[in-house]
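# Descriptive analysis of the structure
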Amino acid sequence: MQLDIVIPCFNEEEVLRSTHSRVRSVLEEVKKKKLIDDFNIIYVDDGSTDGTFEILDEFSQKEKFVKALSFTKNFGHQAAVWAGLEYAKGEHIGIMDGDLQDPPEIFAEF
């Protein structure tokens, strides 16, 4: 079973490294417990004007399970979520915001 996490982002460069580290750690732990076979983290940059996409692109270049999508302009949160859902291929899909408003550790409970 594959779990994909969709994370829409807009001007999140200050928190992205922390977000990514926490999400990756949770998913690796869930995989180690054999609750999933594989996972992807799908980031969707919603037309950020800061360095958000550059950071996401860096993640995707280093880790095969990271996918980074980018909008040419800001289309809004729901459009970014939809794009991520369209791209996701996992049997299960989770959605969370990139600003750590909700703790990624909750995915381990699901």
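Scroll up for the structure.
### Some details on the sheet that holds strand β2 (residues 38–45)
Read from one edge of the open sheet, four strands run β3-β2-β1-β4, paired in parallel fashion. Edge positions in the sheet fall to β3 (66–70) and β4 (92–95), since each has one partner strand and no second. Strand-to-strand twist of the sheet, defined as the mean angle between neighbouring strand axes without regard to direction, takes the value 20°. Here strand β1 (residues 2–9) pairs with β4 via four bridges, running parallel. Pairing of L3 across the sheet is with H92, part of β4. Contacting β1, β2 and β3, helix α1 (residues 16–32) crosses the sheet at an angle of about 160° to β2. Relative to β1, helix α3 (residues 77–87) is tilted by about 155°, and along the sheet it contacts β1, β2, β3 and β4.

### Quick notes on helix α2 (residues 52–62)
An α-helical turn contains 3.6 residues, so a residue and the one three or four places further along point in the same direction. Within α2, burial applies to T52, I55, L56 and F59. All buried residues of α2 project into a common sector of 100° when viewed along the axis, lining one side. Relative to its buried face, α2 has exposed residues pointing more than 90 degrees away, namely E54 and Q61. Among the structural elements, β1, α1, β2 and β3 are those in contact with the buried residues of α2.

### Remarks on the pattern of salt bridges
Across all of its chains, the model carries six salt bridges by this definition. In this structure, R24 engages E63 in a salt bridge whose closest nitrogen and oxygen atoms are separated by 3.1 Å. Here E63 lies in the loop between α2 and β3 and R24 lies in helix α1, a separation of 39 residues in the sequence. Here R24 falls in the partly exposed class, since its relative accessible area comes to 22%. For E63, a relative accessible area of 17% puts it in the buried group. Here K31 makes a salt bridge to D38, at a shortest N to O gap of 3.7 Å. Three or more residues joined by partner-sharing salt bridges are found here, namely R17, E58 and K62.

### A few points about a negative patch on the surface
Together, E13, E14, E54 and D57 make up a negatively charged patch on the protein surface. Among the secondary structure elements, E14 is positioned in the loop between β1 and α1.

### Overview of the side chain of H20
Secondary-structure assignment places H20 in helix α1. H20 gets classed as buried once you look at its relative accessible area, which sits at 2%. Of the polar contacts made by the side chain of H20, one reaches the side chain of Y43; its length is 2.7 Å. Those residues in contact with H20, other than ones at most four positions away along the chain, are I41, Y43, F59, E63, F65 and V66.

Reading guide: rules and limits
- Along each chain, residues carry numbers from 1 onward, in the same order as the chain's sequence is written.
- With pLDDT at 70 or above as the cut-off, local features in this predicted model cover only qualifying residues; side-chain atom pairs require 80 or more to be listed or tallied, and sums for whole chains, interfaces and linings still use all residues.
- Heavy atoms from the whole structure form the basis of all side-chain values; hydrogens and water molecules are not counted.
- Any two strands with at least two DSSP-identified bridges between them are counted as paired.
- Each helix is a run of H or I in the DSSP string that is no shorter than four residues. Each strand is a run of E no shorter than two, and both are numbered from the N terminus.
- Lines fitted to the C-alpha atoms define the axes, with helices restricted to the stretch that makes contact. Angles between their N-to-C directions range from 0 to 180 degrees.
- Between two residues, a contact is recorded if the distance between any of their heavy atoms is within 4.5 Å.
- Any residue under 20% of the maximum accessible area for its type is buried, any over 50% is exposed, and the rest in between are partly exposed; the area is computed with a 1.4 Å probe on protein chains only.
- The directions from the helix axis to the C-beta atoms form the arc being described.
- Salt bridge, as applied in this entry: a Lys or Arg side-chain nitrogen positioned within 4 Å of an Asp or Glu carboxyl oxygen.
- Like-charged residues are merged into a patch within 9 Å and nonpolar side chains (Val, Leu, Ile, Met, Phe, Trp, Tyr) within 5 Å, provided each residue has over 30% relative accessible area and no salt bridge.
- Each accessible area is a Shrake-Rupley estimate made with a 1.4 Å probe; only the visible protein chains count as cover when residues are assessed.
- Residues counted as positive are Lys and Arg, residues counted as negative are Asp and Glu, and His and the chain ends are not counted.
- By convention, the point assigned to a charge is CZ for Arg, NZ for Lys, CD for Glu and CG for Asp.
- The definition of a polar contact used here is a pair of N or O atoms within 3.5 Å, where within protein one atom must be able to donate a hydrogen and the other to accept one, and adjacent residues in sequence count solely through side-chain atom pairs.

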